[in-house]
Every structure is written in C-alpha cells, then in structure tokens.
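# Understanding the architecture of this molecule
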Amino acid sequence: MSKYAYFPGCSLHSTAREYEFSTKNLSRELGVELVDVPDWNCCGASSAHATDRGLDLALNGRNLDLAAGMGLDLAVPCASCYRRLASSRKSLTENPELRQQITTLLGQPLALSSEVRSLLEVFTTDEALDKMQRGAKKSLSGLKVAAYYGCLLVRPHKETHFDDSENPVSLDKLVTLMGGEALPWPFKTECCGGSLSFTAEDSSRVLIERILNMAKESGAECIITACPLCQSNLDMRQLQLAKEAGRDYNMPVLYFTQLMGLVLGLGEKALGLYRHFIDPRPVLQKVGLV
Amino acid sequence: MLQTVVSEETGVAELVRLSGVNPNQCYQCGKCAGGCPLSFAMDYSPTVIMRMLQVGMLEQVLSSKTVWLCASCKTCSNRCPQDVDVAGLMDALRIMAWRKGSVDRDNRQAAFHRAFLHSIKSHGRLYELGLALAGSAASGRMTKDLDVGLPMLRKGKIKLLPPRIKGRRQIKRIFALTMESGGEQGE
Ligand code: SF4
Ligand code: SF4
C-alpha cells in the first residue's frame, strides 16, 4: 500500500467533481492511499504568477509546508496546481534567499520535503498498473481514444521528470494496456486556451475547435485527459459551439481515472459519468463498458 | 557573440532583474512565434516582442495585447534553442504592467486575475459563483455567461456557498505583504 498527501485543488471540489469521485474510488482499488492535505489553499492558478511572484510562491509554499508536515509525497490531480506546486518547490529549493523571503511572508518556517507528483504518475507506477491488470473486469477493446495531455502536465521539460514534453506517451500506454486503441494524433500537447476561456472567448474557441477537429479527423470516439481545466473547457464549450455555430462535435471528454475505474468494474455513479456535458455513456455502451 | 549587456535607461534592465531572463540571449530564430498557439490573435508575436525588448521598446511591449493574450502554455520556453524562458518573461511583463499602472481599465484578462485573487484572499480557495457574478456584472456579459453558468449549476459543478479555510488570516497576511504593498517582497 502506498500512501500520499493529496492536494485536490479548487476545480476538483467544484467544476471537476467527477474527477474527485473517480480518483478517490479508484485509489481504493489500486491500493493507493490518498490523505487530503489539511486546510490547503488555492494555488493561485494562472492569476497569482501573472500578478506577483511573492504571492505565487507564498500561496504554494504554504501548501508545500502542509504536505511536508504529513511526511508524505504529494499527489496532485490538477495539471495546473501540479505545475504551480512543482515549479514553486524547484525555485524555493534552488534559491535559499528566495526561500527566506517567502518564510518571512508566511510568518513561519517553510518545509519543502515532499516531492510533487501528478496523479497520473502515482496511478501508473508498476505497482498500481499491476494491481489494475490483475483486478481488470472489463477491457477498452474496440474503443478509439485520443490521449490529450495539454500544457502543464508535461511542460516545461526542465521541470518534468515524468514523460516526454513534446511526445508524451503515458496516457497512450495506459489506454493500450487496458485493451483500447490509442490513436496517433498530432495535438497531444496543444494548448486548449483554458486560461483565456472567460476573457478572450473568441481566441480560446479557435484553440478548442482545432483540437476537437483533429480528434475527429483522427477517428477518435472520445478524448481522455488528466487536467480539469482542459476537460471542462473542451467538454462545456461544445454546448456553445453547437448552439452558436451549429457545430455538433459530440465528442465525450473523459478523465483517465474514469476509464481505469470502468475497467476495474466501478459503476457510473462512482465515476460521475452523468456529470459530463457531452454524455460519454452512448460511446461506452457500444463497447460494453456501461 | 551575443551582446547581453542591457541598457539601464529603457527599463529593460529592471525587467531582467525581475524575471531572471535576458532578452538579449534571443537570436530571433522564430521558433517561439511558430509554436505559440495564440500568435494568430496577438499584435506582436513572441519573437517580435523579444526583438522589441532588445532595442528598448519596453513601453510598447507593456501596452501590447500579446502580454495579456499569452496563455502561459510554456511551449515557447520548452522549445527555445537559446534557453530563453519566454513564458517567464511574459509573467514578468504582466507584473511590471501592474506596478507601472499601465493596465487598461477595459483589460478583461487583468480584471479576471484581480477578481480571481480577490476570491482567494477572502476565502482561501476559489469561490466560482462569487467570481462569476462579479465578472459578468463588471463586463455586462451576464446573459452570455449564463449559457455556461446554468448548465454548470444543473450538473452540480458550482457550489452555492463559498469554501472557507481556517488559515484565512495567514492568506490575508500574504496578500497584505505582496500585491497590496506594491509587491516588493519575494522578487
Ligand atoms: S525561440 Fe528563443 S531564440 Fe528563438 S526567437 Fe524565440 S526567444 Fe528567440
Ligand atoms: S507561453 Fe505564452 S507566449 Fe509562450 S507559447 Fe504559450 S501562449 Fe505563446
């Protein structure tokens, strides 16, 4: 049984609640214990680092210190939180002067002992994958999947010790292992414009459509992701595209935890499949997953 | 040899200190502009921004749309053959624009960041509903945002009540010592 400090982040408590449910339920099946970081705060997302460097580092420093207090490595499901935490830890560890400044801002000592890992990394260790294979009740056989990594899970390469920043393969390998077809497609790491979703809608929409078009052209029946911002941006905005532009992509966007859960026999409810804007169930039904 | 000494007169030296990134390292290969997903919407591509900084056009850069249309996707920093952290520089430019007071009132990205951070300062975590209401009231885009907000509420994806963490005092302290005091700390 492996054990991690778990940092859900704001999205998993609101717009991405199905990611939270599926993560918690899957963790039990995989024998990974996730203990919530007590009293965690928002990582500042794309706003703090664009506004004040001290603010960004102090918000993330507080969370890193809380995790360190638990004596555990940190597992982070949101790609954006993951990048902020990992990147802050790197800056603070490498620069003692900066660390001292942030200690002053926090008004307390700052411990940084917890390594920061993405949930994808935690759920795809040899041990976890072995458990999954032994417990598999179903297979993704017949399902064509576009594995979408987005930006912050794998970039920049200097900060990432997991997967490749230009051609990541961890999600693809996972799909293949579960019996599905991971399609070759060129937009694995294209930006979906999530951070501009509410402030530069027209530009963000161009990026979303590029990704959806390419997934369709590649023959995908669904997209999978490990980022709540990508998921909600790609899923929710399809409603508007259909309404305003008459373009009906009908492309379900699932979390990798939901597909893993299905393979392990977890039910629709436990995985929050009914919470998506584009209902994934018809596609899943076709291949006998629900 | 690249000329890496930066003139103090134009303010670019201050930018270099703030970001730890020196635009004079850039040799104008164009790779950042080629890979930038938002190039199509920008007034100056990231490569042009680098050139403008090399020749001291900081004012124009600070008032460009590019700085606020950058989505922080880090494609540029990932690919730069000269190891220039272009995305880090974009962050520093936004921070500098705040400090110099050169952010337009109708800058929607900036307004969003402000409202977002206000929510964190008050609750310690993001309160989506509060943010959405503040945002659409300010922008007059209520009906458009409802297209997104209502389905969200229906799917149980937005909480009605704000989250509240215990450490709110510490969070307020951090804000008071950084953003609200002009952000001298931690730079
Ligand atoms: S990729 Fe690097 S060297 Fe090339 S233009 Fe951009 S900043 Fe300059
Ligand atoms: S980080 Fe900004 S400038 Fe760099 S590629 Fe992404 S959007 Fe363009």
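Residues numbered from 1 in each chain as written. Chains lettered and ligands numbered in written order. Predicted model: local features only at pLDDT ≥ 70, side-chain atom pairs only at ≥ 80, totals over all residues. Heavy atoms only, no water.

Once that is clear, we can look at the overall build of chain B. Along chain B, the regular secondary structure elements total eleven helices and zero strands. Listed by position from the N terminus, the elements making up chain B come as α-α-α-α-α-α-α-α-α-α-α. Looking at the 187 residues of chain B, the share that counts as buried comes to 50%. Within chain B, counting contacts between residues at least 6 apart in sequence, those at least 24 apart form 61% of the total. When the accessible surface of chain B is summed, it comes to about 9200 Å², and 54% of that surface belongs to carbon and sulfur atoms. (Helix = DSSP H or I, 4+ residues; strand = E, 2+ residues; numbered from the N terminus. Buried < 20%, exposed > 50% of the residue type's maximum accessible area, 1.4 Å probe, protein only. Contact = heavy atoms within 4.5 Å. Areas by Shrake-Rupley, 256 points an atom, 1.4 Å probe, with all protein chains shown as cover.)

With that out of the way, let us pick up the pairing of strand S2 (residues 32–36) of chain A. Residues and elements named next belong to chain A. Note: strand S1 (residues 2–6) against S2, five bridges, orientation parallel. Opposite Tyr 4, over in S2, you have Leu 34 as the bridge partner. For the handedness criterion, the β-α-β arrangement of S1, helix H1 (residues 17–30) and S2 is classed as right-handed. (Pairing = 2+ DSSP bridges. Right-handed = clockwise from strand over helix to strand, strands pointing away.)

Listed by partner, the interface residues are 54 residues for chain B and 62 residues for chain A. Counting each side, the surface lost to burial between chain B and chain A is near 5500 Å², with a carbon and sulfur contribution of 56%. Seen at the junction of chain B and chain A, the total is three salt bridges. The shortest N-O distance in the salt bridge between Arg 79 of chain B and Glu 166 of chain A comes to 2.8 Å. Joining chain B to chain A, the criterion identifies 26 residue pairs in polar contact (both at pLDDT 80 or more). Among the elements of the structure, helix H5 (66–69), helix H6 (75–79), helix H7 (86–99), helix H8 (108–123), helix H10 (142–154) and helix H11 (168–177) of chain B are those that each provide at least two residues to the side of chain B that touches chain A. (Buried area = accessible area lost by both parts, 1.4 Å probe. Salt bridge = Lys/Arg side-chain N within 4 Å of Asp/Glu carboxyl O. Polar contact = N/O pair within 3.5 Å; in protein donor to acceptor, adjacent residues only side chain to side chain.)

On to the sheet that holds S2 of chain A, then. Residues and elements named next belong to chain A. In spatial order, the strands read S2-S1-S3-S4; together these four strands make up an open sheet with parallel pairing. Edge positions in the sheet fall to S2 and strand S4 (116–118), since each has one partner strand and no second. Neighbouring strand axes in the sheet, compared pairwise and without regard to direction, differ in orientation by 40 degrees on average. This element, H1, spans S1 and S2 of the sheet and lies at about 135 degrees to S2. Where helix H4 (residues 79–94) meets the sheet, its contacts fall on strand S3 (74–76) and S4, and the angle it forms with S4 comes to roughly 155 degrees. (Axes fitted to C-alpha atoms, helices over the stretch in contact; angles between N-to-C directions.)

This part takes up the site of ligand 2. Inspection of the region around ligand 2 gives Cys 36, Pro 37, Pro 46, Cys 70, Ala 71, Ser 72, Cys 73, Lys 74, Thr 75, Cys 76 and Ala 87 of chain B as its neighbouring residues. Looking at the shell around ligand 2 residue by residue, the class counts come to eight nonpolar, two polar and one charged. (Near = heavy atom within 4 Å. Nonpolar A, V, L, I, M, F, W, Y, C, P; charged D, E, K, R; others polar.)

Moving on, we get to the packing of aromatic side chains. Residue and element names in this part refer to chain A. Counted according to the given criterion, the structure contains six aromatic pairs over all chains. For the pair Phe 7 and Trp 40, a centre-to-centre distance of 5.2 Å together with 65 degrees between the ring planes defines the contact as edge-to-face. Placement of the pair is Phe 7 in the loop between S1 and H1 and Trp 40 in the loop between S2 and helix H2 (45–48), with a sequence separation of 33 residues. Measuring from centroid to centroid gives 6.3 Å for Tyr 148 and Trp 185, while their planes differ by 55 degrees, and the two rings are tilted. On the criterion of sequence distance, the pair formed by Tyr 148 in the loop between strand S5 (144–147) and helix H8 (170–177) and Trp 185 in the loop between strand S6 (181–182) and helix H9 (201–217) is long-range, its members being 37 residues apart. Note on accessibility: Tyr 148 and Trp 185 belong to one class, buried. Each member of the aromatic cluster is reached from another via a ring pair, and the members are Tyr 19, Tyr 255 and Phe 256. (Phe/Tyr/Trp six-rings, centres within 6.5 Å; stacked < 30°, edge-to-face > 60°.)

Turning to the environment of Thr 124 of chain A, a few remarks are in order. Residues and elements named next belong to chain A. Along the chain, Thr 124 falls in the loop between helix H6 (119–123) and helix H7 (126–135). Here Thr 124 falls in the buried class, since its relative accessible area comes to 16%. Separated by 100 residues in sequence, Thr 124 and Lys 24 place their C-alpha atoms 15 Å apart. Discounting chain neighbours no more than four positions away, the residues touching Thr 124 are Leu 129, Phe 162 and Leu 174. For Thr 124, the side chain forms a polar contact with the main-chain oxygen of Leu 120, separated by 2.6 Å.

Let's shift gears to the site of ligand 1. Residue and element names in this part refer to chain B. Taken together, Cys 26, Tyr 27, Gln 28, Cys 29, Gly 30, Lys 31, Cys 32, Thr 47, Met 50, Cys 80, Pro 81 and Val 86 are the residues near ligand 1. Residue assignment for the shell around ligand 1 shows that the elements contributing at least two residues are helix H2 (31–35) and helix H3 (46–54). Among the residues forming the shell around ligand 1, the class breakdown is eight nonpolar, three polar and one charged.

With omega at -5 degrees, the peptide bond leading from Arg 155 of chain A into Pro 156 of chain A counts as cis. Relative to the elements of secondary structure, Pro 156 of chain A occurs in the loop between S5 and H8. Of note in this structure, Asn 250 of chain A is not a glycine but carries a positive phi near 45 degrees. In this structure, Asp 83 of chain B is a non-glycine residue whose phi angle is positive, near 60 degrees. Within the secondary structure, Asp 83 of chain B is located in the loop between H6 and H7.

With that out of the way, let us pick up the sheet that holds S5 of chain A. All names here are of chain A. In spatial order, the strands read S6-S5-S7-S8; together these four strands make up an open sheet with parallel pairing. Looking along the sheet, the strands with just one partner apiece sit at the ends: S6 and strand S8 (253–255). Two strands pair when backbone bridges link them, and strand S7 (residues 222–225) and S8 are joined in this way by three bridges, in the parallel orientation. Considered in S8, the bridge of Ile 224 is made with Leu 254.

Grouped together as the largest cluster of nonpolar side chains are 106 residues, with contacts concentrated most on Leu 74, Phe 123, Leu 143, Ile 224, Phe 256, Leu 259 and Met 260 of chain A. Residues within four places of Ile 224 of chain A in sequence aside, it is in contact with Val 145, Ala 146, Ala 147, Tyr 148, Leu 171, Val 175, Leu 254, Phe 256 and Leu 259 of chain A. One finds Ala 41, Val 84, Met 90 and Met 96 of chain B within the second-largest nonpolar core, a separate group that totals 45 residues. (Core = buried A, V, L, I, M, F, W, Y, C linked by side-chain atoms within 4.5 Å.)

As a further point, take the packing of helix H1 (residues 12–19) of chain B against H7 of chain B. Residues and elements named next belong to chain B. Axis separation between H1 and H7 bottoms out at 9 Å; the angle between their running directions is 120 degrees. As summarised for this structure, H1 and H7 are arranged oblique, according to the angle between their axes. With respect to the hand of their crossing, H1 and H7 are arranged in right-handed fashion. In this structure, H1 uses Glu 14, Leu 15, Leu 18 and Ser 19 to contact H7, whose residues at the interface are Gly 88, Leu 89, Ala 92, Leu 93, Ile 95, Met 96 and Arg 99. (Parallel < 35°, antiparallel > 145°, perpendicular 65-115°, else oblique. Left-handed = near helix turned anticlockwise from the far one by under 90°.)

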